[in-house]
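Coordinate inspection notes
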Amino acid sequence: MRNALGLMLVSVVAATLIAGGWFWVSSPHRSSAAPQKIADAHAAFAPAKPAAASHDPIEVTGSITERAAAPLPQPNQACANPDALGVSRVVEVDTTGGPGFGFEHFKQFDFLADKEVVLTFDDSPWPVNTPAVLKALADQCTKAVFFSIGKHAMYHPELLRQVLAAGNTVGTHTWSHANLNSKKMTEQMAKDEIEKGNSAVKFALGTAPAPFFRFPELQHNPAAMAYLGTRNIAIFSCDLDSFDFRAKSPEQVISNVMTKLDKQGKGIILMHDFQKHTAEAMPELLRRLKAGGYKIVLMKAKAPMQTLPEYDEALIKDLKLPVASTRPIGNVVQTVAQ
């Protein structure tokens, strides 16, 4: 009798442990507040020889896996708002060799017609502000290109997935927004900033981002530019900078953009969904663009970014992610009583 009771008790405990382990491995990350462990933004990230690093608090569970990306919208896709700004056209970019876009630094590719604009946002994603920008875009049935900081992507992966799911294009903006043109920045450090950011954005999205990259502060380091060319990653500058990070009100953001745009007639617009005033300005700014006869062009990539496996693996190792079992379910969970 005692043996039978003992066997029953062991079976119950084993089943409980198995179920608990399965829940831990399979549960998605849902909280962006109270994180637990991610390498400090300023720590060097060298996969071949990882350096000791302090940690910012962030809790992430899972692994870098490929999921089907949301399909990009077609220019004539039905829109519930009959007076929406919409998307005039979608252009596909072959990023082979790392082409540059934005006349502030690159003059080669003048692909926009008069009155055409590309909306771009840096420093994605961020709570409150990014959702507000997404709502404004959705209300006008229009799309943009978002350049995500790897660290922000890891803090709030659910927000970045919303950006992609809404049909926007997601590119990268380094791991920690470090100035890659700083005198203290070595070529290896710059490479690590770029590649760790790429892997982090892929991890957050669950699929590879577009091979679109924007240098923090538009500080274009020649060696880093050459490296991006070898990686077939397009480099983005801008045609007009909103300087929204200096704006004291939403009205100033709108004025900065419209004054420059009316003068230039078209262009790639640089804004930051990280900025509160920009998020607040978006509904009226989009209405002003529509009233001014401007049309939105969405840029997408011909092929997804190919992240480097060593950086993907080092990111997972650094985050100390649990490893999901690859054993068949029948070898893990068995019915012992029914």
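Residues numbered from 1 in each chain as written. Predicted model: local features only at pLDDT ≥ 70, side-chain atom pairs only at ≥ 80, totals over all residues. Heavy atoms only, no water.

Digging into the confidence of the model for the protein chain
Inclusion rule: As a per-residue measure, pLDDT reflects the predictor's confidence and takes values from 0 up to 100. We call two residues in contact whenever any of their non-hydrogen atoms come within 4.5 Å of each other.
Residues with a pLDDT of 70 or more make up 75% of the protein chain, whose mean pLDDT is 81. Every residue in residues 1-76 is under pLDDT 50, and counting partners more than four places away or in other chains gives 118 contacts.

Section: the state of the cysteines
For the record, the criterion: Only a pair of cysteine sulfur atoms within 2.5 Å qualifies as a disulfide here. Secondary structure follows DSSP: runs of H or I at least 4 residues long count as helices, runs of E at least 2 residues long count as strands, and numbering of each begins at the N terminus. The rule is simple: take the accessible area with a 1.4 Å probe, protein chains only, and divide by the maximum for that residue type; under 20% is buried, over 50% is exposed, in between is partly exposed.
All told, the structure shown has 1 disulfide when counted by the stated rule. Across the disulfide, C79 is cross-linked to C141 (sulfur-sulfur distance 1.8 Å). Between C79 and C141, the S-S dihedral sits near 75°, and the bridge is therefore right-handed. One end of the pair, C79, is in the loop between β2 (55-56) and β3 (89-93); the other, C141, is in the loop between α2 (129-139) and β6 (145-148), and 62 residues separate them in sequence. Take C141: its relative accessible area is 21%, and that puts it in the partly exposed class.

Observations concerning unusual backbone geometry
With an omega of -15°, the peptide bond between S124 and P125 qualifies as cis. The phi torsion at H177 lies on the positive side, around 65°, for a residue other than glycine. Residue placement: H177 occurs in the loop between β7 (169-172) and α5 (187-205). The class for H177 is partly exposed, based on a relative accessible area of 26%.

Digging into the side chain of S176
This is how the line gets drawn: Residues adjacent in sequence count toward polar contacts only when both atoms are side-chain atoms; beyond that, a polar contact is any pair of N or O atoms within 3.5 Å, and within protein one must be able to donate a hydrogen and the other to accept it.
Secondary-structure assignment places S176 in the loop between β7 and α5. Judged by relative accessible area, S176 falls into the buried class, the value being 15%. A distance of 2.7 Å separates polar atoms of two side chains, one belonging to S176 and the other to E193.

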